[in-house]
Amino acid sequence: MPPRTGVAFLLNSNQTKTLMNILVLGSGGREHALSWKISQSDKVDNLYIAPGNAGTSNVGTNVPIAAEDFPALKTFVLENKVSMVVVGPEAPLVAGIADFFAQDEALKSVSVIGPSQKGATLEGSKEFAKDFMARHKIPTARYMSVTSDNLDEGIHFLSGLKAPYVLKADGLAAGKGVLIIDDLEAAQDELKAMLDGKFGAASAKVVIEEHLSGIELSVFVMVDGKGGYKVLPTAKDYKRIGEGDTGLNTGGMGAVSPVPFADETFMKKVEERIIKPTVKGLVEDELDYCGFVFIGLMNCEGDNPYVIEYNVRMGDPETEAVMLRIKSDFVDLLEGIAKGDISSAPLVFDERAAVTVMLVSGGYPEAYEKGKVMRGMDEVHDSILFHAGTTAQDAQVLTAGGRVIAVSSYGKDKDEALALSFKNAKKIDFEGVYYRSDIGFDL
Ligand code: AMP
Ligand code: GLY
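Read on for a plain summary of the structure. Remember, predicted model here, so these are calculated numbers, not experimental data.

The end-to-end C-alpha distance of helix H9 (residues 264-284), which contains 21 residues, comes to 28 Å, matching closely the 30 Å that a straight helix rising 1.5 Å per residue would cover. At Glu 271, H9 shows its strongest bend, of approximately 40°. Within H9, the full set of buried residues consists of Phe 266, Met 267, Val 270, Ile 274, Ile 275, Pro 277, Thr 278, Val 279, Gly 281 and Leu 282. Against the buried residues of H9 lie helix H5 (117-124), helix H6 (126-135), strand E11 (214-223), strand E12 (229-231), strand E17 (291-300) and strand E18 (304-311). Glu 286 sits one or two positions beyond H9 and adopts a positive phi of about 50°.

The next thing to look at is the pairing of strand E5 (residues 84-87). Along E5, one buried face is formed by Met 84 and Val 86 and the opposite face, lined by Val 85 and Val 87, is buried too. Taken together, the three bridges between E5 and strand E6 (residues 111-113) define a ladder with parallel strand orientation. Among the inter-strand pairings, Val 86 is bridged to a residue of E6, identified as Ile 113.

Among the 15 residues in the neighbourhood of ligand 1, the closest are listed as Lys 168, Glu 209, Leu 212, Glu 216 and Glu 309. Lys 126 is positioned with one of its side-chain polar atoms (N or O) 3.0 Å from an oxygen atom of ligand 1. A distance of 3.0 Å is found between a nitrogen atom of ligand 1 and a backbone nitrogen or oxygen belonging to Glu 210. Protein chains shield 86% of the accessible area of ligand 1, which is 470 Å² for the free molecule. Of all elements in the fold, only strand E8 (165-169), strand E9 (178-181) and E18 reach the threshold of two or more residues within the shell around ligand 1. The residue inventory of the shell around ligand 1, partitioned by class, reads seven nonpolar, one polar and seven charged.

What counts as what
Residues numbered from 1 in each chain as written. Chains lettered and ligands numbered in written order. Predicted model: local features only at pLDDT ≥ 70, side-chain atom pairs only at ≥ 80, totals over all residues. Heavy atoms only, no water. Helix = DSSP H or I, 4+ residues; strand = E, 2+ residues; numbered from the N terminus. Expected span 1.5 Å × (residues − 1). Bend = angle between axes of the 7 residues up to and from the residue. Buried < 20%, exposed > 50% of the residue type's maximum accessible area, 1.4 Å probe, protein only. Contact = heavy atoms within 4.5 Å. Pairing = 2+ DSSP bridges. Near = heavy atom within 4 Å. Polar contact = N/O pair within 3.5 Å; in protein donor to acceptor, adjacent residues only side chain to side chain. Areas by Shrake-Rupley, 256 points an atom, 1.4 Å probe, with all protein chains shown as cover. Nonpolar A, V, L, I, M, F, W, Y, C, P; charged D, E, K, R; others polar.

Shown next, in the form of structure tokens:
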């Protein structure tokens with residue numbers, strides 16, 4: 001490991017500690033929550049967020065550079081002696097930011113928390129992820145990968161499955177590329193439409209899956225690329241816009257941590273059957289993977305965990321609950337990833353429950369208006385606010401996205417935490433504000 005740039009200060013007569021400059025990439029609630037947690041570490045000198053939002057500027061310095069603008073990030077990192085870059089969203093990873101840093105003479109000593117482009121294919125291609133699971137014997141739904149070249153086989157495979165039918169665009173499709181269809185003929189028609197470009201290039205290949213039923217949860221693992229890992233607190237997110245999990249899919253309307261059914265026995269199964277072979281597979285396949293693995297799991301009948309998907313980043317809004325449940329210094333864990341020895345970094349959970357409730361713009365996830373003046377945030381004292389889509393203008397905070405602000409709270413259990421979040425959600429006002437008041441209803 002090359003020496004880091006940074007400021008050294010004296011701890012006591014024979015111990016020095018190096019302070020780091022850290023850059024977080026992204027602009028959502030996840031990045032605000034990561035930055036909030038990182039800013040609590042006494043190892044940080046300067047914390048920068050590119051591009052950030054109105055909330056991240058309360059815990060660090062916003063930098064007006066897009067997370068995918070690698071040349072501009074390079075200049076900033078070098079000029080500001082940044083020694084660690086924490087990548088929030090998947091897009092820069094899929095675009096190869098870790099490789100860009102590793103291959104650049106001036107940047108290669110900077111730690112990037114996030115996988116190589118090859119590693120990021122676990123999220124960037126459903127087929128790649130399914131083949132990875134098959135190769136490493138990780139429980140997942142039966143599947144077949146189809147292009148226009150083997151459409152007939154795809155149609156045949158569909159007719160051998162039971163309804164409902166699951167069709168997934170292979171590539172990234174902004175969370176919209178998964179269709180679950182009850183009728184066989186309709187599914188066969190949709191398969192053709194997808195291959196014909198329904199989701200653009202993302203659906204030139206389609207993965208057909210057997211449908212699984214059960215309850216979903218999110219498991220987050222920090223991996224150091226050498227086989228070491230730490231499992232973060234579990235969470236469950238609520239993806240649909242409407243109460244009772246109805247209506248359109250969103251980026252996520254709220255989250256609860258821990259997930260009650262993910263008890264010690266269940267998590268032992270997850271660790272043995274899924275986490276260990278996944279971490280081992282990342283190393284065996286030389287995916288050059290140092291960062292977060294987000295495992296979307298389905299708990300099928302009889303307490304059997306199956307992998308629904310991998311993401312190569314933390315979840316949003318799960319991060320806005322999970323960060324509250326980590327007592328340890330998060331920068332120690334990030335350094336463990338960077339140095340390839342995460343096993344030696346302490347990870348202590350806060351035993352309280354943590355939840356988050358997302359306030360969204362009216363109309364979201366369909367068309368919505370931005371630029372609405374936000375009020376009432378100063379009146380919230382016993383919850384933590386993570387900005388998701390906001391921007392500062394003069395002395396005001398304006399809405400700037402569909403998901404606007406997350407209200408996160410602690411409680412002795414999820415109900416106590418949720419009561420606090422709902423009480424405080426009511427204090428925040430902007431035109432068209434909406435949130436789900438049933439987060440956690442199914443647990
Ligand atoms: P994905 O993008 O792969 O996570 O899929 C989006 C959502 O579709 C998941 O969160 C599940 O709710 C659902 N889903 C995906 N695959 C399956 C499956 N094989 N069986 C049942 N539901 C699924
Ligand atoms: N909460 C789901 C996701 O981040 O994809």
